[in-house]
Amino acid sequence: MRWFAIQLIVLGLLPAGAYSSEVNVIPLTISGYEIAAEVAHTQLSRSQGLMYRESLEENTGMLFVFPGSGYYSMWMKNTYIPLSVAFIDVRGIILNIAEMQPETLTSHDAAGMAKYALEMNKGWFAARKITAGTQVTGLERAPAAD
């Protein structure tokens with residue numbers, strides 16, 4: 001598989017960075033809903049995020065792990081998929097959820113000191129009535145931020 005992906009990158013059929021042997025996916029649970037979360041825990045993976053992707057499977061998302069708790073912001077530069085982002089504190093409690101439009105530089109800010117941000121397809125949280133104050137479990141499986 002790796003050889004095939006490298007060949008596709010060389011041929012220009014996949015963008016560089018679309019394939020990584022270091023992709024970590026962990027299961028998370030929110031209000032009984034299971035999520036497969038790709039983990040962005042390095043500076044490079046956090047910077048790349050979901051840029052250049054054209055779709056995101058149902059019940060999958062990207063978990064951003066920050067080096068420490070802080071007032072983080074997210075934006076959608078070079079991101080083609082409409083997304084919702086939940087900012088999550090160190091205890092796993094959702095602080096706030098923001099709806100984000102593709103390919104914009106609008107800043108969406110954490111309402112408090114966040115340790116994590118979870119991006120899902122736009123409307124995913126609202127459709128399941130998940131709001132601020134909801135507990136996210138499984139975050140202990142995420143690698144520490146680099």
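Nothing here was measured: the structure is a model prediction, and the numbers come from that model. (Residues numbered from 1 in each chain as written. Predicted model: local features only at pLDDT ≥ 70, side-chain atom pairs only at ≥ 80, totals over all residues. Heavy atoms only, no water.)

The next point concerns the overall build of the chain. A count of helices and strands for the chain gives 3 helices and 9 strands. Each helix (α) and strand (β) of the chain, taken in turn from the N terminus, gives the series α-β-β-α-β-β-β-β-β-β-α-β. Of all intrachain contacts in the chain linking residues separated by at least 6 positions in sequence, the fraction that spans at least 24 positions is 68%. Per element, the accessible surface of the chain, about 7,900 Å² overall, is 56% carbon and sulfur. (Helix = DSSP H or I, 4+ residues; strand = E, 2+ residues; numbered from the N terminus. Contact = heavy atoms within 4.5 Å. Areas by Shrake-Rupley, 256 points an atom, 1.4 Å probe, with all protein chains shown as cover.)

In this fold, Asn 59 is placed in the loop between α2 (43–48) and β3 (60–70). The sequence separation of Asn 59 and Ala 36 amounts to 23 residues, and the corresponding C-alpha distance is 6.5 Å. Once residues lying within four places of it in the same chain are set aside, the contact partners of Asn 59 are Glu 34, Ile 35, Ala 36, Met 120, Trp 124 and Arg 128.

Pairs may arise between side chains of opposite charge once their charged atoms sit close together. Within this structure, the stated rule accounts for 3 salt bridges. Notably, a salt bridge pairs Glu 58 with Arg 128, separated by 2.4 Å at the nearest N-O pair. Of this pair, Glu 58 sits in the loop between α2 and β3 while Arg 128 sits in the loop between α3 (124–127) and β9 (136–137); the two residues are 70 residues apart in sequence, bridging distant segments of the chain. (Salt bridge = Lys/Arg side-chain N within 4 Å of Asp/Glu carboxyl O.)

We now examine unusual backbone geometry. The phi torsion at Tyr 52 lies on the positive side, around 70 degrees, for a residue other than glycine. Positionally, Tyr 52 belongs in the loop between α2 and β3. The exposure class of Tyr 52 is partly exposed, given its relative accessible area of 38%. A positive phi angle, near 50 degrees, is found at Glu 103, a position not held by glycine. (Buried < 20%, exposed > 50% of the residue type's maximum accessible area, 1.4 Å probe, protein only.)

Take the pairing of strand β1 (residues 24–30) next. Pairing of β1 with strand β2 (residues 33–40) involves 7 bridges; the strand directions are antiparallel. Looking at the pairing, Pro 27 lines up with Ala 36 of β2. Taken together, β1 and the strand that follows it, β2, pair antiparallel across an intervening segment of 2 residues, in which Ser 31 is found at a positive phi of about 50 degrees. By the bridge criterion, 2 bridges tie β1 to β9 in an arrangement that is antiparallel. In the sheet register, Ile 30 faces β9, and the bridge partner there is Val 136. (Pairing = 2+ DSSP bridges.)

Looking now at the environment of Asn 121. Tracing the chain through its elements places Asn 121 in strand β8 (residues 114–121). Sequence-wise, Asn 121 and Glu 57 are 64 residues apart; in three dimensions their C-alpha atoms are separated by 8.2 Å. With residues near it in sequence (within four places) discarded, Asn 121 still touches Leu 56, Glu 57, Glu 58, Ile 81, Pro 82, Leu 83 and Ser 84. Reaching out from Asn 121, the side chain makes a polar contact with the backbone oxygen of Leu 56 at a distance of 2.9 Å. (Polar contact = N/O pair within 3.5 Å; in protein donor to acceptor, adjacent residues only side chain to side chain.)

Turning our eyes to something else, we now look at the nonpolar core. Counting 20 residues, the largest nonpolar core has Leu 28, Ile 30, Ile 35, Leu 63, Leu 118 and Phe 125 as the members making the most contacts within it. Ignoring sequence-local partners within four residues, the contact set of Ile 35 consists of Ile 26, Pro 27, Leu 28, Ile 30, Asn 59, Thr 60, Gly 61, Leu 118, Met 120 and Trp 124. Within the second largest apolar cluster, 17 residues are counted, among which are Leu 56, Val 85, Phe 87 and Ala 98. (Core = buried A, V, L, I, M, F, W, Y, C linked by side-chain atoms within 4.5 Å.)

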